[in-house]
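Listed here are the chains, written in short residue letters.
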Amino acid sequence: MQFSSLKSKLLRTVNASSLHHPLSVAKNRAAEQNCLSLLQACDSLTELNQIQALILKLGLHQNAFVLTKFASTSSDLDAIHYASCFLFSSEADTSLYDAFLFNTVIRGYAKTNHSKHCGLHYYKTMLEFAISPNKFTYPFVLKACAGLGILKLGKQVHGSVLKIGFDTDHHVRNTMVHMYCCCEGGLDYARKVFDEMPCLDSVSWSAMIGGYTRLGFSNDAIRLFRKMQVSGVRPDEITMVSVLRACTDLGALELGKWVESYIEKEKIPNTEELCNALIDMFAKCSDVDRALKLFRKMSEKTIVSWTSVIVGMAMHGRGKEAVSLFEEMKESGTAPDDVAFIGLLSACSHSGLVEEGQRYFQLMTKDFAIVPKIQHYGCMVDLLSRAGLVKEALEFVQKMPLEPNPIIWRTLITACRAQGELSIGESITKQLIRNEPMHDSNYVLLSNIYARMLHWEKKTKIREVMEKKGMRKIPGSTMIELDNEIYEFVAGDKGQKQYKEIYEMMDEMGREIKRAGYVPTTSEVLLDIDEEDKEDALNRHSEKLAIAFALLKTPPRTPIRIVKNLRVCSDCHSATKFISKVYNREIVVRDRNRFHHFSNGICSCKDFW
């Protein structure tokens, strides 16, 4: 209604004057203001197209203010390319180009998902027209560089900033920190810019903390947040989202709880993103019930909120509750998206709900018109593989309308090894190596299959090939949070100050759980050594070292929470069940795939993982 009224008013201004004579200054001014109002009210591409026709009809295509506003409105409608074709056509009056127009266009492209490179193109065009960038230009250019993630390009723009002299501008520096954090290999450059800033505000701290978190340097993110507190700068909700994500990555529940109380104490606005980050943190730091309580308290639940809590239930093996939440989400009127279905299918996989998973996979297309992506097919292969249905999983892969990706093949290979289908696993792995000759995990899978087949010479040959290619198996590591500190262990670790006491506790643990009936799963040791040496190798796994450390450092009956970077092995899973019973401890293990809650000799996964 507002648009129609403004359009009529503008047309009256046009009709009141002869189109063959220039508008009077007053009427030209009125036409300009009305056109600017039209652009302000514009909310569709159809209206934008009509306004463009009016601009041409009135001769306002020679008005810099109108052109800049046209570019801004186009950007808001995700149509910046449409505006660029108009503004930079061969008939355009280049004398009208100025920094404000180029800034608007560059900003528009920087906001897009797939055309950020065009922002750099128009920055180059700006320089070719000898139009000097101003302090507002570079934040937009740097955001485009951040989206592209090309370090060399970012460094070139940084050089231009230094040359022109905008390196002292606070907003430019903040954006530069963000840009370097988004480029591979740019983290040290980001920290250098950050450390050299004379004045740091919440945006500066958030950019650097967020960079550490995104790149997996979560310990550094937490350390920097503590420095931020000492500096006296009050964090905002954006900072806290990054801190919570770092807690999630580390599995640092106690730190996460402290962050939650800090948010409440400092009255930091509980935005939707912050609430979702809290839910995700608690779900992935072993307190999924707390995540569910926070979810229930939310006044408005988005698809992200629902998905976070469904995925949380999936990770904890509470598949039936995840299914129930999914049905509740549908009843609430929130339509599931493809990500929600990934969480649901994963929940079915981790809980052995084969029939339910197959039914929901069919419902995706039938009821919601969602075309399954490779991730959904991967969940189905995982579902069948975990249930021991290796041949059914292989048939499913062969009938897929999409080309299976390496992740799906590796899932099948792992299932073949677990279910004793070693010849099939060997055949698939060899093909995978032919397709991906430089992917180290393929060689590790084949090496492990040969070890299971007791083909030690072939296994040795594979390891030699890996060494020649400079490949190394990712070492298993386990983290534990104690007294606000994060400790990390690797297999055979002697880097801790108390390593002698830890190994003594390990020996004690071994004796006690053997008395209780524990038998080492020596088949997990893929080395051609005798049984005694295999038992010793198993006893030095990183998760056992972390548990021994926790038994030494915490009071009796205190829960133990650890985070493993790989899938927990069968022997450590069995040993942890006995440790929980012998030492009367609740032990929560988060591995690469899910959570395991051990209590009184039983695991929540029911030995299905």
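Residues numbered from 1 in each chain as written. Predicted model: local features only at pLDDT ≥ 70, side-chain atom pairs only at ≥ 80, totals over all residues. Heavy atoms only, no water.

Some remarks on the overall build of the protein chain
Check the secondary structure of the protein chain and you find 31 helices and six strands. With respect to the three principal axes, the spread of C-alpha positions in the protein chain is 100 × 55 × 55 Å. The buried share of the protein chain, taken over its 609 residues, is 50%. Sequence separation of at least 24 residues holds for 63% of the intrachain contacts in the protein chain that already meet a minimum separation of 6. Of the roughly 29900 Å² of accessible surface on the protein chain, 52% is carried by carbon and sulfur atoms. (Helix = DSSP H or I, 4+ residues; strand = E, 2+ residues; numbered from the N terminus. Buried < 20%, exposed > 50% of the residue type's maximum accessible area, 1.4 Å probe, protein only. Contact = heavy atoms within 4.5 Å. Areas by Shrake-Rupley, 256 points an atom, 1.4 Å probe, with all protein chains shown as cover.)

A closer look at the sheet that holds strand β5 (residues 595-599)
The strand order across the open sheet built from six strands is β2-β1-β3-β4-β5-β6, with neighbouring strands paired in mixed fashion. Pairing within the sheet leaves two strands with one partner each, and these edge strands are β2 (485-490) and β6 (602-603). Note: strand β1 (residues 477-482) against β2, six bridges, orientation antiparallel. Its bridge partner being in β2, Leu482 is matched across the sheet by Glu485. (Pairing = 2+ DSSP bridges.)

Describing the pattern of salt bridges
If you walk through the whole model with that rule in mind, you get 21 salt bridges. Among the ionic pairs, Arg318 bridges to Glu321, the shortest N-O distance being 2.8 Å. Residue classification places Glu321 among the partly exposed positions, given a relative accessible area of 34%. Put simply, Arg386 and Asp382 hold a salt bridge, and the shortest N to O gap is 2.6 Å. (Salt bridge = Lys/Arg side-chain N within 4 Å of Asp/Glu carboxyl O.)

A few points about helix α15 (residues 253-265)
For α15, spanning 13 residues, the distance from its first C-alpha to its last is 18 Å, which sits close to the expected 18 Å at 1.5 Å a residue. When we look at burial in α15, the residues that qualify are Leu253, Leu255, Gly256, Val259, Glu260, Tyr262 and Ile263. In this structure, the buried side of α15 is in contact with α13 (218-231), α14 (237-250), α16 (272-284), α17 (288-297), β1 and β3 (560-564). The positive-phi residue at the C-terminal boundary of α15 is Lys267, with phi of around 55°. (Expected span 1.5 Å × (residues − 1).)

So, the packing of helix α9 (residues 151-164) against helix α10 (residues 170-182)
Here α9 crosses α10 at 165°, and the two axes come no closer than 10 Å. Classified by the interaxial angle, the pair formed by α9 and α10 is roughly antiparallel. Two packed elements cross with a definite hand, and for α9 against α10 that hand is left-handed. In contact with Leu151, Gly154, Lys155, His158 and Val161 of α9, α10 contributes Val172, Met176, Met179 and Tyr180. In the contact of α9 with α10, the residues fall into six nonpolar, two polar and one charged. (Axes fitted to C-alpha atoms, helices over the stretch in contact; angles between N-to-C directions. Parallel < 35°, antiparallel > 145°, perpendicular 65-115°, else oblique. Left-handed = near helix turned anticlockwise from the far one by under 90°. Nonpolar A, V, L, I, M, F, W, Y, C, P; charged D, E, K, R; others polar.)

Some remarks on the layout of surface pockets
Of the voids in this model, the second largest pocket is the one considered here, and its volume is about 460 Å³. Lining the second largest pocket are 17 residues; nearest its centre among them are His178, Ser206, Ala207, Arg214 and Ile238. Those elements giving two or more residues to the lining of the second largest pocket turn out to be α10, α12 (202-214) and α14. No other element matches α12, which puts six residues into the lining of the second largest pocket. Residue composition of the lining of the second largest pocket, by class: four nonpolar, eight polar and five charged. (1 Å grid on protein atoms, 1.4 Å probe; cavity = no way out; pocket = protein on both sides within 12 Å on 5 of 7 lines; lining within 4 Å. Points joined across faces, edges and corners; volume = space filled by probe spheres on them.)

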